[in-house]
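Each chain, letter by letter, is given below.
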Number of protein chains: 6
Amino acid sequence: MSMNNLGIVKRNITRADRAAVDDLSRFGAATVHEAMGRVGLMQPYLRPVYAGARSCGTAVTVLMHPGDNWMLHVVAEQIQDGDVVVAAVTADCTDGYFGDLLATSFRARGARGLIIDGGVRDVKDLTEMKFPVWSKAISAKGTVKATLGSVNVPVVCAGVAVNPGDVVVADDDGVVVVPAAVARQVAEAATLREASEADKRARLAVGVLGLDMYNMRPALEKAGLKYID
Amino acid sequence: MSMNNLGIVKRNITRADRAAVDDLSRFGAATVHEAMGRVGLMQPYLRPVYAGARSCGTAVTVLMHPGDNWMLHVVAEQIQDGDVVVAAVTADCTDGYFGDLLATSFRARGARGLIIDGGVRDVKDLTEMKFPVWSKAISAKGTVKATLGSVNVPVVCAGVAVNPGDVVVADDDGVVVVPAAVARQVAEAATLREASEADKRARLAVGVLGLDMYNMRPALEKAGLKYID
Amino acid sequence: MSMNNLGIVKRNITRADRAAVDDLSRFGAATVHEAMGRVGLMQPYLRPVYAGARSCGTAVTVLMHPGDNWMLHVVAEQIQDGDVVVAAVTADCTDGYFGDLLATSFRARGARGLIIDGGVRDVKDLTEMKFPVWSKAISAKGTVKATLGSVNVPVVCAGVAVNPGDVVVADDDGVVVVPAAVARQVAEAATLREASEADKRARLAVGVLGLDMYNMRPALEKAGLKYID
Amino acid sequence: MSMNNLGIVKRNITRADRAAVDDLSRFGAATVHEAMGRVGLMQPYLRPVYAGARSCGTAVTVLMHPGDNWMLHVVAEQIQDGDVVVAAVTADCTDGYFGDLLATSFRARGARGLIIDGGVRDVKDLTEMKFPVWSKAISAKGTVKATLGSVNVPVVCAGVAVNPGDVVVADDDGVVVVPAAVARQVAEAATLREASEADKRARLAVGVLGLDMYNMRPALEKAGLKYID
Amino acid sequence: MSMNNLGIVKRNITRADRAAVDDLSRFGAATVHEAMGRVGLMQPYLRPVYAGARSCGTAVTVLMHPGDNWMLHVVAEQIQDGDVVVAAVTADCTDGYFGDLLATSFRARGARGLIIDGGVRDVKDLTEMKFPVWSKAISAKGTVKATLGSVNVPVVCAGVAVNPGDVVVADDDGVVVVPAAVARQVAEAATLREASEADKRARLAVGVLGLDMYNMRPALEKAGLKYID
Amino acid sequence: MSMNNLGIVKRNITRADRAAVDDLSRFGAATVHEAMGRVGLMQPYLRPVYAGARSCGTAVTVLMHPGDNWMLHVVAEQIQDGDVVVAAVTADCTDGYFGDLLATSFRARGARGLIIDGGVRDVKDLTEMKFPVWSKAISAKGTVKATLGSVNVPVVCAGVAVNPGDVVVADDDGVVVVPAAVARQVAEAATLREASEADKRARLAVGVLGLDMYNMRPALEKAGLKYID
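Residues numbered from 1 in each chain as written. Chains lettered and ligands numbered in written order. Predicted model: local features only at pLDDT ≥ 70, side-chain atom pairs only at ≥ 80, totals over all residues. Heavy atoms only, no water.

Participant: So what's going on with the overall build of chain A? Residues and values would help.
Facilitator: Counting secondary structure elements, chain A contains 8 helices and 12 strands. Each principal axis of the C-alpha atoms in chain A carries an extent, and together these give about 65 × 35 × 35 Å. Per-residue burial for chain A yields a buried fraction of 64% across its 229 residues. At a minimum sequence separation of 6, the contacts of chain A that also span at least 24 residues come to 77%. Counting only carbon and sulfur atoms, one obtains 51% of the accessible surface of chain A, whose full area is about 7,600 Å². If the 25 positive side-chain charges of chain A are averaged to one point and the 26 negative ones to another, these points end up 1 Å apart. (Helix = DSSP H or I, 4+ residues; strand = E, 2+ residues; numbered from the N terminus. Buried < 20%, exposed > 50% of the residue type's maximum accessible area, 1.4 Å probe, protein only. Contact = heavy atoms within 4.5 Å. Areas by Shrake-Rupley, 256 points an atom, 1.4 Å probe, with all protein chains shown as cover. Lys, Arg positive; Asp, Glu negative; His and termini not counted. Charge placed at Lys NZ, Arg CZ, Asp CG, Glu CD.)

Structure, rendered in structure tokens:
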């Protein structure tokens, strides 16, 4: 047994059930995050490189070192149709690990997007290609190809533990990771949650208060809320 | 007398003079901020959730705890037509306190926007609704409803003290707060300031230098500025 | 000899060769940065005030103090057609040093843009004018005109040393500075680099892997990369 | 009525009751903050310049501009024995506004410390003098004396509204502001709070659990906490 | 199967082999981190609350919500002699979750320290007690006890995935986590690494260069390093 | 002529006059920075790894890549007695580039300290050795040795341009760089400045106000300062 997972590429991973992924793809990150019980959300410093970016797919993971994007070429080979690449770095680094050439390659392999706890560049091209990327920074800074990382090992990306095959749901509000084993269950919870929202929205739109709709007044009073004039 | 204002909802507040608010609504945040003597500006980490957002109205205030948006439902009831909600938090927190349901409710009550020293979500919906929000972060992270804060008490939001009824002017450049008592006076100063800008712009556009237009050369020389070749 | 360059305006500077500047203007910041050997890039906290901003020109430099934009009026007189103003500050400050009036003046003098290690305002106007600005912050905060800085002295802006006359290339990916003496050489290297990219893109687009296109497999194997199932 | 308080020195302020200040001086910032109901705490980026710094006194306030410490000389004259100077800045700035000469002057006037939402220098001297300072940064960067601010006007310092005469309690844990009007009441609440802590500490020290001491088990169970093996 | 681990306390966890923990306790965080292959290090924003703090033990984990420290009381009961508490929060929050009372309780239960991705207070007491804590912030800000988290579930703390029973090694240089399954192996690698350091130190101390000691000159020359005069 | 300075080691550099360095070594960073006209100060995020650290010497410079400390071994050979190593990195990176082994080597070569725009580790050892280091971070994170940088080329470190041979003055207040050509002149200005401070301190200590000692009252009155009661 090795002490760590460096220098390893795992070829066979178990991806989340495709139907569950499809179901989850109908929801936004906020809905999925709530449906999971308010966990699984990456830190909000990850931002889409263009407004309106959306992605949902199964994670292939990659771990890199600061200023070194060698493993992005290695991970490209492991991408299957419907995957989202989740890239972690062993230390904070805003360098531009990824640009239009790699985006072209990833897309050709079937990738639906990239989540990277580092920087990217060529954002004008990425925007025109509509290749969705969530990153920590935008930087023209180039990287080297000198040190091994790993592919399809468990990683921590922007504060969330991601296993290969997990489902990634990302939009303007952020990136949420759904463990493969609960993908179906979360999709069901999200469906229920969303179903109730349309009705709530309609009532709020005509001036009904959340205080009444959610019956909050008794709890607020019990907590001691005082109205004064 | 209580030690603090927690757990209180003040229902009757004195809003700034409506005509003064209307006058101020014609100006941008930078102009108003200058007209006040360069004070009253919230910290620049507050950013609009979509480009081109603009808002001007009277503040209803709310104080919340980290990760708890209960009081946003309480403040909704206190909104009157023409108000802007100013939400402060007792400690730094980027959680998504506010989304499309609350925006629907706030708008139905007459709110013109939200200023929040925290995070928001559903930014795609907010953008489509054109409900203007200035926030510290965008985050899908959900919040709980467990602890009392207060409504319509004086708060500090993004570095500025805000009293209920003050005027809030917000655009792409930031958020400025005008105390209700000086709203008319500031509107007048802003009018004067803006009047002189069109002429200045025209002169600068044909190549006149600010050095000459503002007669800066004598002061620069006196300060010791040296031109060398 | 003076101890520092404060209070000095240098009128005659040697600008980079115009033809080289024109050549460089065809490339993005990432390409130029790579062509230089991965140096010369300003820190990624500098961001364009609107998406799609692009600029390339010769640097006129200005050094200011926190909260004081007096020298921006002084530098305006030194702008020649094709210049980009590079503004440094002696300490971190997000104040809005620059807005639509100065942009009007700079443009009238021939400026192609502004790079500022501080804040700017009137971003709606700047966007409509299409006057490209890269800044550290957007802030309506006004500044004073009280303390001398200098114009056309060497400065450090966002982590890069800039000499008057150097070439500045800026786009969505960031800002890179090319010393005047190597502008032609860098333009040639960029041309070579770009030439090879179209072919690479085409091959990647049909699914060829970077692993094979760049012949990375032997080096990865030598470094010890292991494939497991 | 003026639009703002710039350029004003208020000489006569009402300081909090001295006996209440003396009472509060026996407690730490955390205890006082809790006794107030968990409000009034400045943001935690304010740190003491040396470990073990403690201060308690009545606030004299000063508002300055970025990079300009002129008003620190003006506020010195308004210091009375037992005061703590609270210095706000109209925008973020880490410059070193304060050093050993001003500390010497402040101490000679009776000041018990400085709270500054900016930088300070001469920290070795301040440490040797045991003049307690809480600041946002340590920086040798000098400032100018060019622009008026104000003295003894309401300010916002590190996120908290401070009125002249309020009580400031500061130690290693941070800085809390007690409005003058509730100083006595808060001192009493702090006394009660502290009284109960010694007993609690003794019980915890012998292994009693907070779960039992605070009778938390029923509430945890009601909330749904599950123990598994 | 549940979608998440919220509201769960796992009582029986498998702790890393005690002898391996004892072995690891002889090394610093840097040595252990290197011995593992340069992985497992928490982000460097975690700092000890006093200089010279050191700790090594088995992780009991706790997951909390922003501004809510209820679960710290729950985790106290699960502490065994030789444990280190590792506390994660579902979103960034600098509140002071932990102070001298909890430290007293944790110590009484056998805890060797606390690693918390949040704030702590009473740092003077913690320093005097020599209870070692690594935190993201120091803040007097109090927390509530309102929302369930979990105990002894896998967490991500400051960028590292931690499982209950893993070994935590912390000192002035940071915090490193060693998975329980490789603790012995890492201890052996650290022993080898440390053994070679004494000899290296002695040689460097008499002026031998790393260039020669590590035989770097050929590789540098091959990489193209040029010496000029 | 090469486009950049990567892969170069310059062996012969002109160090500032030793007598001037000795003179400057008597002053703190704040005094020297003021004597230069308030320029030359590195950004305040650089902090000494132990309180009371002081250093003054001639700069040997090194430029590295993120996560790669190879060139620190190269620079060691170029150190002469009385030098201070100034280490820049081509992008932000907090990795621990330097520890006790390199400190032992640097000291053996005659180095008086290290200024690094990155992280360091083994801070307990550095503190015990009293080897003064100013860094951006403390991190146990290890680095690789894979990519060439340069030695004794001009660098930008923490916002300041440094040429080999310049004088570095560093203490608790920060790090200031004095160009070699003006070292003597700055030393003289610092001497004059310091001479006047003792007298000022004595007068302030007995209660004389800066307002009077510096004759500020007329300028304040002219600027419009108003005293109110």
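Participant: Before we move on, can you summarise the interface of chain C and chain A with the specific residues and values?
Facilitator: Contact residues are listed per partner, giving 33 residues for chain C and 34 residues for chain A. For the pairing of chain C and chain A, the buried interface totals around 3,000 Å² over both sides, and the portion due to carbon and sulfur atoms is 62%. The largest contributions to the chain C side of the interface with chain A come from Asp173(C), Tyr227(C) and Asp229(C), which together make up 19% of the buried area. In this structure, the connection of chain C to chain A is made through 4 salt bridges. Close ionic contact of Glu77(A) with Arg217(C) constitutes a salt bridge, the shortest N to O distance being 2.9 Å. At the boundary of chain C and chain A, one finds 14 residue pairs in polar contact (both at pLDDT 80 or more). Only helix 2 (29-35), helix 6 (183-205), helix 7 (210-213), helix 8 (217-223) and strand 12 (226-228) of chain C provide two or more residues apiece to the side of chain C that touches chain A. With 6 residues, the single largest contributor to the side of chain C that touches chain A is helix 6 of chain C. The residue inventory of the side of chain C that touches chain A, partitioned by class, reads 17 nonpolar, 4 polar and 12 charged. In terms of strand pairing, strand 1 (residues 8-10) of chain A meets strand 12 of chain C through 3 bridges, oriented parallel. (Buried area = accessible area lost by both parts, 1.4 Å probe. Salt bridge = Lys/Arg side-chain N within 4 Å of Asp/Glu carboxyl O. Polar contact = N/O pair within 3.5 Å; in protein donor to acceptor, adjacent residues only side chain to side chain. Nonpolar A, V, L, I, M, F, W, Y, C, P; charged D, E, K, R; others polar. Pairing = 2+ DSSP bridges.)

Participant: Outline the confidence of the model for chain A, supporting the account with residue identities and numerical values.
Facilitator: Here chain A averages 96 in pLDDT, and 99% of its residues register 70 or above. The complex prediction reports pTM at 0.97, with the ipTM value standing at 0.95. (pLDDT = per-residue confidence, 0-100.)

Participant: For the relation of the copies chain A and chain F, give the residues involved together with the corresponding values.
Facilitator: Overlay of chain A on chain F (RMSD 0.0 Å): rotation 180 degrees, translation along the axis 0.0 Å. The symmetry that links the two subunits is that of a two-fold axis. Counting the interface residues of chain A, we find that 100% of their copies in chain F are interface residues as well, pointing to one common contact surface. (Least-squares fit on C-alpha atoms with pLDDT ≥ 70 in both.)

Participant: Can you explain the side chain of His65(D)? Please cite residues and give values.
Facilitator: Examined against the element boundaries, His65(D) turns out to sit in the loop between strand 3 (55-64) and helix 3 (70-76). Overall, the relative accessible area of 6% leaves His65(D) in the buried class.

Participant: Requested: an account of the relation of the copies chain C and chain A, with residues and values cited.
Facilitator: Aligned on chain A, chain C shows an RMSD of 0.0 Å; the corresponding rotation is 120 degrees and the shift along the axis is 0.0 Å. What the rotation and shift describe, once combined, is the action of a three-fold rotation axis. The C-alpha atom lying nearest the rotation axis in chain C is that of Ala51(C); the distance is 6.2 Å.

Participant: Now, about the environment of Arg201(E): what can you tell me, with residues and values included?
Facilitator: Residue and element names in this part refer to chain E. The topology assignment puts Arg-201 in helix 6 (residues 183-205). The exposure class assigned to Arg-201 is partly exposed, which follows from its relative accessible area of 29%. Each C-alpha atom of the pair Arg-201 and Val-169 lies 23 Å from the other, and the pair is 32 residues apart in sequence.

Participant: I'd like a description of the arrangement of the chains, backed by residues and values.
Facilitator: Without any contact between them, chain C and chain E keep their closest C-alpha atoms 14 Å apart. Note that chain B does not reach chain F: the shortest distance linking a C-alpha of one to a C-alpha of the other is 14 Å.

Participant: Now, about the pattern of salt bridges: what can you tell me, with residues and values included?
Facilitator: Inspection of every chain in the model, using the stated rule, returns 82 salt bridges over all chains. For Arg38(D), the salt bridge identified is with Glu34(D), shortest N-O distance 3.9 Å. The pair Arg38(D) / Glu34(D) is uniform in exposure class, with both members buried. Between Asp117(D) and Lys136(D) there is a salt bridge, with the nearest N and O atoms lying 3.5 Å from each other. Of this pair, Asp117(D) sits in strand 5 (residues 114-120) while Lys136(D) sits in strand 6 (residues 133-138), and the two are 19 residues apart along the sequence. Asp117(D) sits in the buried class, given a relative accessible area of 8%. Classification of Lys136(D) by relative accessible area gives partly exposed; the value is 21%. Residues joined in a network through salt bridges with shared partners are Glu34(A), Arg38(A), Arg193(A) and Arg121(B).

Participant: Just give me the short version of the packing of helix 6 (residues 183-205) of chain A against helix 4 (residues 100-109) of chain B, but keep the residues and values in it.
Facilitator: Helix 4 of chain B packs onto helix 6 of chain A with a crossing angle of 20 degrees between their chain directions and a minimal axis gap of 8 Å. It follows from the interaxial angle that helix 6 of chain A and helix 4 of chain B lie roughly parallel. Here the hand of the crossing between helix 6 of chain A and helix 4 of chain B comes out right-handed. The residues of helix 4 of chain B that touch helix 6 of chain A, namely those facing Glu197(A), Lys200(A), Arg201(A), Leu204(A) and Ala205(A), are Asp100(B), Leu101(B), Thr104(B), Ser105(B) and Ala108(B). Of the residues that constitute the contact of helix 6 of chain A with helix 4 of chain B, the class distribution is 4 nonpolar, 2 polar and 4 charged. (Axes fitted to C-alpha atoms, helices over the stretch in contact; angles between N-to-C directions. Parallel < 35°, antiparallel > 145°, perpendicular 65-115°, else oblique. Left-handed = near helix turned anticlockwise from the far one by under 90°.)

Participant: Give a description of the interface of chain A and chain F that names residues and reports values.
Facilitator: Note on interface size: it is often stated as the accessible area lost on association of the parts. Facing the 11 residues of chain A at the interface are 11 residues of chain F. Buried area between chain A and chain F, summed over both chains or domains, comes out near 750 Å², and the portion from carbon and sulfur atoms is 60%. Taken together, the links from chain A to chain F amount to 0 salt bridges. Across the contact surface, chain A and chain F share 2 residue pairs in polar contact (both at pLDDT 80 or more). Tallied by class, residues from the side of chain A that touches chain F come to 5 nonpolar, 3 polar and 3 charged.

Participant: If you had to explain the environment of Gln78(E) to someone new, which residues and values would you point to?
Facilitator: Within the secondary structure, Gln78(E) sits in the loop between helix 3 (70-76) and strand 4 (83-89). Distance in space between the C-alpha atoms of Gln78(E) and Leu148(E) is 16 Å, their sequence separation being 70 residues. The contacts of Gln78(E), once residues within four sequence positions are left out, are Tyr227(D), Val9(E), Lys10(E), Arg11(E), Arg15(E), Val60(E), Asp83(E), Val151(E) and Asn152(E).

Participant: Give a description of unusual backbone geometry that names residues and reports values.
Facilitator: With a phi angle near 60 degrees, Asp122(B) is a residue other than glycine that sits in the positive phi range. Residue placement: Asp122(B) occurs in the loop between strand 5 (114-120) and helix 5 (123-129). Phi at Arg38(F) takes a positive value of approximately 65 degrees, unusual for a residue other than glycine. With respect to the element layout, Arg38(F) can be found in the loop between helix 2 (29-35) and strand 2 (47-48).

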